[in-house]
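Read off the chains here:
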Amino acid sequence: MADAVVYERVGDVAILQANNPPVNALGIDVRKGLMDGMDRAEADGAKAVVICGAGRTYFAGADIREFGKPPMEPMLPGVCDRIEASPLLVVSALHGTALGGGLEVALSSHYRIAVPSARVGLPEVLIGILPGAGGTQRLPRVIGVSAALEIITSGRQVGAAEAERLGIIDRVQDGDPRDIGLAYAQSLLAEGAPRRAVCDLPNPEPVDFDAAIAATKARARGQMSPVWAVRAVQAACELPFDQGLARERELFMELMQSDQREGLIHAFFSERAVSKLPELKGVAPRALDAIAVLGGGTMGSGIATSALLAGLPVTMLEVTPEAAEAARGRIVGNLEGALKRGKISAAQFDTITQEALRLTTDYADLGAADLIIEAVFEEMEVKKQVFAKLDAVAKPGAILASNTSYLDINEIAQVTSRPADVLGLHFFSPAHVMKLLEVVVGDATAPDVLATGFDLGKRMGKICVRAGVCDGFIGNRILSTYRTAADHMILDGASPYQIDDALEAFGFAMGPYAVADLAGLDIGWAMRKRKQAEGIDPRARQCDYPDRLCEGGHFGQKTGKGFYDYAGGARARVPNPDVMPLIEAERAAKGITPRDFTDDEILRRYMAAMVNEAAKVVGEGIARRPLDVDMTLLFGYGFPRYHGGPLKWADLQGLPELLADIRTWAQDDPYFWEPAPLLEQLVAENRNFEDLNRENAT
Ligand code: 3HC
Ligand code: NAI
């Protein structure tokens with residue numbers, strides 16, 4: 001790409017304008033273009049240089065697609081040093097998002113101007129690395145260590161006004177970035193302003209770095225990059241500039257070679273790839289101007305909130321006026337939260353609550369809705385009655401969706417005259433907070449209905465994952481398998497507390513038993529009863545003590561006790577003393593002699609169960625690609641992002657080792673540990689899940 005950076009000369013000023021859509025990433029062509037541009041400006045007698053970007057943004061960072069590949073010269077640190085060392089006056093003009101390497105180029109420039117809508121930041125820690133082109137050395141010299149640490153370890157984007165206040169940019173001005181950059185450079189030349197190289201500034205004042213590292217570690221929950229970034233900033237205080245840069249590079253390379261970097265970059269690209277499906281290509285979604293929600297309980301009220309916040313008017317139907325009023329109360333409560341957090345203004349709050357939200361008990365009021373989401377009780381007969389009624393009142397072309405957690409969408413669609421217009425939209429609790437939406441495709445679901453599900457999710461700011469029909473779809477099906485693996489370990493000698501601790505050490509925000517307490521133990525109890533009624537395979541190992549716990553009235557946080565006792569509040573959880581005796585009684589009744597489990601074995605069994613079921617889900621086509629499973633677990637189940645998702649994690653561990661474990665455990669329990677055919681096939685062919693992602697890229 002010869003013109004990745006376009007050179008222009010206006011009087012004494014040379015303009016280097018990057019042109020590398022979509023985000024002017026600093027790939028090899030751009031880096032070469034900047035080097036050549038600086039050489040040319042110096043050679044042809046310019047007195048100042050303006051660096052800016054064409055299109056939607058100044059440089060949004062290094063080109064992430066180059067990571068993990070052999071480095072190509074010139075490298076970004078060299079480009080930044082070259083710019084900073086120039087005898088000419090260098091001005092960067094920022095718009096869009098000047099992120100990562102982008103901000104590092106700007107910090108190497110001698111002056112910085114930005115449009116008011118510009119945002120700057122060093123988001124490297126979010127993709128598992130640290131600012132590696134001088135950002136950890138230059139930013140603290142410019143704005144001080146405390147402010148720099150906060151920006152670098154959070155990776156957050158800083159608006160132009162705040163950036164000006166902090167001193168990251170010198171001036172904020174509206175206009176075309178090229179034009180304001182040029183005018184600024186001309187005025188600086190006219191004033192005789194000096195070159196200002198950040199590398200010439202003295203070392204910044206240190207802070208208590210032991211305390212900073214301890215605090216960052218506590219927040220990072222096992223993620224390396226923020227902690228490594230603090231060490232790099234420490235070097236800015238303690239070493240001369242060049243040695244600080246060398247230390248930054250050393251720490252950068254350690255992270256670059258880490259599994260966490262691979263996991264986080266996998267997450268970055270998968271988040272974007274997840275909505276790219278062949279069946280959506282060229283398919284326009286149906287119009288979505290008004291929606292309806294049925295059932296205003298936990299889920300329905302959250303779904304309605306999410307739709308209202310996305311700007312859609314919502315009609316909510318409940319069974320009685322009292323239930324409708326209660327639903328309104330829940331939705332208004334959610335919206336008050338949004339108002340408090342500044343997500344909506346007071347005026348928007350009033351419009352939404354007074355005009356956009358309507359409550360009803362009359363099906364006739366649903367006739368205008370383009371899409372109706374059902375969130376009533378999880379019982380097939382109730383769902384069927386509701387869908388038959390909806391079919392009668394919904395206008396032609398209106399889409400009928402169910403938020404069911406486990407039930408068969410095809411069976412539900414059959415009671416309507418329009419199975420092509422029926423799909424599952426499986427939200428997660430709380431629905432206005434959780435980012436995941438499983439879009440469940442039935443046998444008859446039309447492509448534009450699927451596209452509309454994705455469109456709704458996008459408008460709500462969700463990560464949408466396409467799922468096929470099966471008991472629990474992608475996420476809940478896999479969850480029930482890894483939870484079973486944990487239950488088996490408890491029967492054999494582990495405790496729920498050891499299991500939670502081991503998984504929290506791995507990076508989960510909460511272990512499975514703390515999660516169960518939060519969700520309500522009655523939910524699992526009801527599901528076990530349903531499965532019992534349907535008939536359970538006699539080869540499956542049963543685990544009864546959770547039922548005994550529920551029979552004792554312990555449903556988790558909502559009753560104050562579950563696996564844990566919450567007398568001291570939700571955070572101050574302590575083991576419920578009733579639990580271990582129930583477990584010990586069950587072991588004794590089953591003649592099990594408990595054995596010790598190491599944390600490592602707990603993790604290996606739990607993860608292998610997760611990966612094996614996930615491989616079945618992909619093999620059966622319930623999930624289209626391994627990355628769809630990874631995004632489901634990341635956004636719906638608290639899987640630590642820095643491990644990339646269970647199937648990325650599996651690739652990084654090595655599939656042959658994982659399969660060998662599964663085969664070993666299958667000797668004791670062949671029913672539970674039956675290897676997934678897809679896992680066996682990948683191992684036999686010496687391939688992995690990433691290969692499948694690549695082969696199925698659209
Ligand atoms: N490298 C390569 N591709 C990138 C990229 C990057 N840094 N940033 C974005 N892209 C790609 C996306 O993958 C996407 O591709 P697709 O259309 O094929 O899916 C396309 O650009 C558009 O991106 P988004 O869909 O995310 O567009 P948005 O407008 O929603 O967001 C953004 C734009 C805020 C710039 C967002 O893309 C982003 O956060 N990008 C990453 C920024 C970043 O992490 N920069 C630091 C990089 S590391 C670094 O600089 C190291 C240095 O310190 C040495
Ligand atoms: P809930 O019990 O809190 O709410 C159900 C609501 O539906 C009640 O307000 C009830 O009055 C109303 N309702 C019942 N029959 C109705 C009918 N015929 N017409 C209109 N309203 C009716 O239940 P929850 O938790 O909100 O679950 C709803 C659905 O969402 C279920 O299918 C459940 O499996 C699913 N789901 C639940 C999740 C959760 O974490 N609670 C997560 C994801 C899905």
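The rules we used
Along each chain, the written sequence defines residue order, and numbers are assigned to residues from 1. Here every chain gets a letter starting at A, and every ligand a number starting at 1, in the order they are written. Reporting in this predicted model follows two pLDDT cut-offs: at least 70 for local features of residues, and 80 or more for side-chain atom pairs to be given and counted; totals over whole chains, interfaces and linings ignore these cut-offs and use all residues. To obtain the side-chain values, all non-hydrogen atoms of the structure were included, while hydrogens and water were left out. Secondary structure is summarised from DSSP: a helix means a run of H or I of at least four residues, a strand means a run of E of at least two, and numbering begins at the N terminus for each. For this measure, only C-alpha atoms enter the radius of gyration; the expected value for a globule follows 2.2 Å times N^0.38, where N is the number of residues. All accessibility values rest on the Shrake-Rupley procedure with a 1.4 Å probe; residue burial counts only the protein chains present in the view. Counting rule applied: Lys, Arg positive; Asp, Glu negative; His and chain ends not counted. A single reference atom marks each charge: NZ on Lys, CZ on Arg, CG on Asp, CD on Glu. Joining through side-chain atoms within 4.5 Å is the link that ties buried Ala, Val, Leu, Ile, Met, Phe, Trp, Tyr and Cys residues into a set, and such a set is a nonpolar core. Exposed residues in this analysis have more than 50% of their type's maximum accessible area, buried residues have under 20%, and partly exposed residues fall in between, with area computed by a 1.4 Å probe over protein chains only. Segmentation into domains, and thus their bounds, comes from an automatic or database assignment. Contacts are assigned to residue pairs with any non-hydrogen atoms lying within 4.5 Å of each other. Criterion for a salt bridge: a side-chain nitrogen of Lys or Arg within 4 Å of a carboxyl oxygen of Asp or Glu. Throughout, near means a residue has at least one heavy atom within 4 Å of the molecule or strand. In protein, a polar contact requires one atom able to donate a hydrogen and another able to accept it; more generally it is a pair of N or O atoms within 3.5 Å, and residues adjacent in sequence count only if both atoms are side-chain atoms. Polar here means any residue other than Ala, Val, Leu, Ile, Met, Phe, Trp, Tyr, Cys and Pro, which are nonpolar, and Asp, Glu, Lys and Arg, which are charged; Gly is therefore polar. Residue count minus one, scaled by 1.5 Å, sets the expected span of a helix. For this quantity, the arc is that covered by the directions from the helix axis to the C-beta atoms. Two rings from Phe, Tyr or Trp (for Trp, the six-membered ring) form a pair when their centres sit within 6.5 Å of each other. Planes less than 30 degrees apart are called stacked, planes more than 60 degrees apart edge-to-face, and all others tilted.

Colleague: So what about the overall build of the protein? Which residues, and what values?
Modeller: Within the protein one finds 29 helices and 19 strands. Expected size for 698 residues packed as a compact globule is a radius of gyration near 26 Å; at 28 Å, the protein falls within 12% of this value. On the principal axes, the C-alpha backbone points of the protein span a range of 85 × 60 × 55 Å. Carbon and sulfur atoms make up 53% of the accessible area of the protein, which totals about 28300 Å². The average position of the 72 basic charges and that of the 94 acidic charges among the side chains of the protein differ by 2 Å.

Colleague: Break down the nonpolar core for me, with residues and values.
Modeller: Of all hydrophobic cores here, the largest spans 99 residues; its most connected members are Phe 563, Val 629 and Phe 689. The element contributing the most residues to this core is helix 24 (residues 599-619), with twelve residues. Inspection of this core shows a minimum of three residues originating in each of domain 2 (280-467) and domain 3 (475-695). The residues touching Phe 689, leaving out its near neighbours within four places in the chain, are Val 611, Ala 615, Pro 626, Leu 647, Ala 650, Asp 651, Leu 655, Leu 678, Leu 679 and Leu 682. Ranked by size, the runner-up nonpolar core spans 85 residues in total, among them Val 5, Ala 114, Ala 232 and Leu 255.

Colleague: Tell me about the pattern of salt bridges, and please be specific about residues and values.
Modeller: Two side chains that carry opposite charge are able to pair once their charged atoms sit near each other. Within this structure, the stated rule accounts for 50 salt bridges. Among the ionic pairs, Glu 534 bridges to Arg 530, the shortest N-O distance being 3.1 Å. Pair noted here: Glu 534 and Arg 530 are both in helix 21 (residues 521-534), with a separation of four residues, about one helical turn. Take Glu 534: its relative accessible area is 53%, and that puts it in the exposed class. Arg 604 is the partner of Asp 661 in a salt bridge, and the nearest nitrogen-oxygen pair spans 3.1 Å. Remark: Arg 604 occurs in helix 24 and Asp 661 occurs in helix 27 (residues 655-666); sequence separation between them is 57 residues. A relative accessible area of 34% places Arg 604 in the partly exposed class. Here the salt bridges share partners, and the residues they tie into one network are Asp 471, Arg 530, Lys 531 and Glu 534.

Colleague: Which residues make up the site of ligand 1, and what are the values?
Modeller: As a structural note, the neighbourhood of ligand 1 is formed by 26 residues, with Arg 56, Gly 101, Glu 124, Arg 272 and Lys 276 the closest of them. Within the side chain of Lys 276, an N or O atom sits 2.6 Å from an oxygen atom of ligand 1. Summarising the interface, the protein chains cover 74% of the accessible area of ligand 1, which totals 990 Å² for the free molecule. Among the secondary structure elements, those contributing two or more residues to the shell around ligand 1 are strand 5 (97-99), helix 3 (101-108) and helix 11 (259-273). Examining the composition of the shell around ligand 1, we find that three residues originate from one element, helix 11, more than from any other.

Colleague: Go over the site of ligand 2 with me, naming the residues and quoting the values.
Modeller: Around ligand 2, a shell composed of 20 residues is seen, among which Met 299, Glu 318, Glu 378, Lys 383 and Ser 405 lie nearest. Between ligand 2 and Glu 318 there is a distance of 2.5 Å, counted from an oxygen atom to a side-chain nitrogen or oxygen. Protein coverage of the free-state accessible area of ligand 2, which is 830 Å², stands at 79%. If you list the elements that add at least two residues to the shell around ligand 2, you get helix 12 (298-309), helix 15 (380-393) and strand 15 (422-427). The class makeup of the residues in the shell around ligand 2 is eight nonpolar, nine polar and three charged.

Colleague: Talk me through helix 8 (residues 209-220); I want residue IDs and the actual numbers.
Modeller: The end-to-end C-alpha distance of helix 8 is 16 Å, a good match for the 16 Å that twelve residues give at a rise of 1.5 Å each. Those residues of helix 8 that sit buried are Phe 209, Ala 212, Ile 213, Thr 216 and Ala 220. Projected onto a plane normal to the axis of helix 8, the buried residues spread over an arc of 95 degrees and lie on a single side. The exposed residues of helix 8 that point more than 90 degrees off its buried face are Asp 210 and Ala 218. Of the surrounding secondary structure, the elements contacted by the buried residues of helix 8 are helix 5 (145-154) and helix 9 (225-238). Arg 221 occupies a position one or two residues after helix 8 and carries a positive phi of about 45 degrees.

Colleague: I'd like a description of the environment of Gly 134, backed by residues and values.
Modeller: Tracing the chain through its elements places Gly 134 in the loop between strand 7 (119-121) and helix 4 (135-143). Distance from Gly 134 to Gly 155, taken between C-alpha atoms, is 16 Å for residues 21 residues apart in sequence. Setting aside residues up to four positions removed in sequence, Gly 134 forms contacts with Glu 104, Leu 245 and Glu 248.

Colleague: Before we move on, can you summarise the domain arrangement of the protein with the specific residues and values?
Modeller: For the protein, the assigned domains read domain 1 (5-260), domain 2 (280-467) and domain 3 (475-695). Distance between the C-alpha centres of domain 1 and domain 2: 44 Å.

Colleague: Tell me about the side chain of Arg 82, and please be specific about residues and values.
Modeller: Relative to the assigned elements, Arg 82 resides in helix 2 (residues 76-85). Classification of Arg 82 as buried rests on a relative accessible area of 19%. Every residue in contact with Arg 82, bar those within four places of it in the chain, is listed here: Met 35, Met 38, Asp 39 and Glu 42.

Colleague: Can you lay out the packing of aromatic side chains for me, pointing to particular residues and giving the numbers?
Modeller: Tallied over the full model, the rule gives 17 aromatic pairs. Ring plane angle 85 degrees and centroid distance 6.1 Å describe the contact between Phe 506 and Trp 649, whose orientation is recorded as edge-to-face. Of this pair, Phe 506 sits in helix 19 (residues 496-506) while Trp 649 sits in helix 26 (residues 646-653), placing them 143 residues apart in sequence. By relative accessible area, Trp 649 is classed as buried at 8%. Summarising the aromatic geometry, the rings of Trp 665 and Trp 673 are spaced 4.9 Å apart at their centres and angled 50 degrees between planes, so their arrangement reads as tilted.

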